[in-house]
Amino acid sequence: RGLVGSEMCIRDSFIPDARGSKYLTKILSEIAKVESSGKTKIFNSLNDIGPFLKRRTLIILISDLLSDFLPVSKVIRSFLKQKHRFVVLQVLSSLEFSLPQGEAFVFVDMETQERVRIDVEKVRTYYKKEFEKFNHGIEGNLKSSGVGFFRFNTHKPMIREIPLGLIKAGFTFR
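Criteria and cut-off values
Residues numbered from 1 in each chain as written. Predicted model: local features only at pLDDT ≥ 70, side-chain atom pairs only at ≥ 80, totals over all residues. Heavy atoms only, no water. Helix = DSSP H or I, 4+ residues; strand = E, 2+ residues; numbered from the N terminus. Buried < 20%, exposed > 50% of the residue type's maximum accessible area, 1.4 Å probe, protein only. Polar contact = N/O pair within 3.5 Å; in protein donor to acceptor, adjacent residues only side chain to side chain. Core = buried A, V, L, I, M, F, W, Y, C linked by side-chain atoms within 4.5 Å. Contact = heavy atoms within 4.5 Å. Pairing = 2+ DSSP bridges. Right-handed = clockwise from strand over helix to strand, strands pointing away.

Draft legend 1. Representation of the side chain of Gln90 within the structure. With respect to the secondary-structure elements, Gln90 resides in strand β2 (residues 85-92). Gln90 gets classed as buried once you look at its relative accessible area, which sits at 0%. There is a polar contact of 3.0 Å between the side chain of Gln90 and the backbone oxygen of Asp64. One polar contact links Gln90 to Arg151, side chain to side chain, over a distance of 2.5 Å.

In structure tokens form, the structure reads like this:
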């Protein structure tokens, strides 16, 4: 148990192991303070925490998962083989599910600031189909591996959604 931030700040974001509801509250408060900052390589982050895990651990990954998922899936499976428990909370904006209304829209990558302009009406149906397929693939992969999974939108407060997501993903607070 403990809390580790992204690969950019593992030394700065490590909260050592402890027990009890005050500890859980401390972790949830720290998570609620986290803001997107720079490109996070999930695969590298998961590999970097390996040396910290000395005994069976619950690993909670909070991410949009909008990256190359195959390497992430492989490292998650390696943690599962080591008898660690894993929960993934996928955080997405409602705009990512359906695209905004209007003719044109500019996507701005929150991590790289890269911009892509699209004609929304021309791509909406195809986009929704592909985005749903992508997300169902991730969800199916995780659940078939025994990983707890929950997806929620950014318009809801994370401090409330994270505990709810953990419960819905199968984690019990003991």
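This is not the end of the story, as more comes after the structure.
Draft legend 2. Spotlight on the nonpolar core. In terms of nonpolar packing, the biggest core is built from 19 residues, with Leu46, Leu65, Ile76, Phe79, Phe86, Val88 and Leu142 touching the most fellow members. It is helix α3 (residues 69-81) that contributes the most residues to this core, six residues altogether. Look past the residues within four positions of Leu142 in its chain and what remains in contact with it is Leu65, Phe69, Ile76, Val88, Val147 and Phe149. If you look at the next biggest cluster of nonpolar residues, it comprises eight residues, including Val87, Leu89, Ile162 and Leu166.

Draft legend 3. Examining the pairing of strand β1 (residues 58-63) more closely. Burial along β1 is one-sided: Ile59, Leu61 and Ser63 are buried, while Leu58, Ile60 and Ile62, pointing the other way, are not. Of the pairings in the sheet, the one linking β1 to β2 comprises six bridges and is parallel in character. Bridging from a neighbouring strand, Leu58 pairs with Arg85 of β2. Handedness of the crossover is the feature at issue here: the chain leaves β1, passes through α3, returns alongside β2, and the resulting connection is right-handed.

Draft legend 4. Expanded view of unusual backbone geometry. At Leu65, a residue that is not glycine, the phi angle is positive and equals roughly 60 degrees. Its place among the elements puts Leu65 in the loop between β1 and α3. Phi at Lys83 is positive, roughly 75 degrees, even though this residue is not glycine. In this structure, Lys83 sits in the loop between α3 and β2. Classification of Lys83 as exposed rests on a relative accessible area of 60%.

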